[in-house]
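Residue-level structure breakdown
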Amino acid sequence: MQMTVVEAWIEGPLKRFVDDAGAELALLLHPSGQVLAQHGFAREVDVMTACALAAGIQASSAELGRQLDGRPFRGLHHSGRTRQIFLAEAQSPRGAFVFLTVFGPESSLGLVRLYFEELVKGLAAAAPPLEATAGPALAEHFERDLNRNLAVLFGRA
Amino acid sequence: MTARPFASILDGLTRQRWVTAALVVSERDGIVVESNLRIGQSGDRMAALAASLYRKARLSAKAAGLGAVSFMQLEAPGGRICAVGGGDLVLVVVAEPAVNVGLVRVELLRAVGELLAIGGDVVG
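Residues numbered from 1 in each chain as written. Chains lettered and ligands numbered in written order. Predicted model: local features only at pLDDT ≥ 70, side-chain atom pairs only at ≥ 80, totals over all residues. Heavy atoms only, no water.

Moving on: the sheet that holds strand E4 (residues 75-79) of chain A. Residues and elements named next belong to chain A. The six strands lie next to each other as E1-E3-E2-E6-E5-E4, forming an open sheet whose pairing is antiparallel. Single-partner strands in this sheet number two, and they are strand E1 (3-5) and E4. On average, adjacent strands in this sheet sit at an angle of 15° to one another, irrespective of strand direction. As paired elements, strand E2 (residues 23-29) and strand E6 (residues 95-103) share six bridges and run antiparallel to each other. Residue pairing for E6: Leu28 is matched across the bridge by Phe99. (Pairing = 2+ DSSP bridges. Helix = DSSP H or I, 4+ residues; strand = E, 2+ residues; numbered from the N terminus. Axes fitted to C-alpha atoms, helices over the stretch in contact; angles between N-to-C directions.)

Pasting the structure below:
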């Protein structure tokens, strides 16, 4: 399965995560739903759907955590019959990202959590300094940026 | 139900000379169920890696027609990891290289029955 990234510095840490944790799918996105990197997806529409859902779930669970515990829940795990989902916030010097991964019986939640911690450290180490302040998450150019990122990931740029 | 159902098993193992940690781990999830650790040891890391190793050994033995894994040992310059399985649980011991593996093996195999009994109660 091919890995594609919008920004090159993400590729190394993400590839190490996929190799070490044995993940089937991996997705790194901005909390707004803008995709930054993907592994294992074959179609743009699947990436777009997964990003929208992951951003929505992360926002909802963070707010639920704030309501219940005064601070956001940072991770979520769902175990299906054969595959499992792990969704968590990945803090980096370039701000918070959302990370979604799907893994099968070859891996485990323990391994995914372990290598997710290393992914976060790897992203923090690899991230170049911010050149300018990022714009608002839902700016008027959201769709244009989303389409540009998808085009980069799927070789249309 | 006590807060530490596996305490007697883990205490018995960590009393052995050169044993540095003992953990009960979920084989499927690689998550710590209960542990006796020294300060500074990462139980989550040990649990995830040992459970993954045990699971792969169990599946490999089965695929090779060798039957069930009764005891697994990993020997490395910095120490040893020993593991036995009971149901969905794995009992893991981390020890210094100088440990008496025979003694640890006997203790682990003795503990499997207890692990199964308590594990059944915990899960059930």
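That shown, we press on.
A separate point is the interface of chain B and chain A. Many descriptions give the size of an interface as the accessible area lost when the pieces come together. Facing eleven residues of chain B, the contacting portion of chain A comprises 15 residues. Across the interface of chain B and chain A, roughly 990 Å² is buried in total on both sides, 45% from carbon and sulfur atoms. Arg45(B) is paired through a salt bridge with Glu118(A); the nearest N and O atoms lie 2.8 Å apart. For the interface between chain B and chain A, the tally reads six residue pairs in polar contact (both at pLDDT 80 or more). Here the side of chain B that touches chain A is composed, by residue class, of three nonpolar, two polar and six charged. (Contact = heavy atoms within 4.5 Å. Buried area = accessible area lost by both parts, 1.4 Å probe. Salt bridge = Lys/Arg side-chain N within 4 Å of Asp/Glu carboxyl O. Polar contact = N/O pair within 3.5 Å; in protein donor to acceptor, adjacent residues only side chain to side chain. Nonpolar A, V, L, I, M, F, W, Y, C, P; charged D, E, K, R; others polar.)

All right, on to empty space enclosed by the protein then. Counted by the stated rule, this structure contains one cavity of 30 Å³ or more. Taken as a whole, the largest cavity spans an internal volume of roughly 50 Å³. Forming the walls of the largest cavity are Glu106(A), Ser107(A), Ser108(A), Leu111(A), Glu27(B), Ala51(B), Ser52(B), Arg55(B) and Lys56(B). Element by element, the count of residues in the lining of the largest cavity is highest for helix H2 (residues 43-63) of chain B, at four residues. Among the residues forming the lining of the largest cavity, the class breakdown is two nonpolar, three polar and four charged. (1 Å grid on protein atoms, 1.4 Å probe; cavity = no way out; pocket = protein on both sides within 12 Å on 5 of 7 lines; lining within 4 Å. Points joined across faces, edges and corners; volume = space filled by probe spheres on them.)

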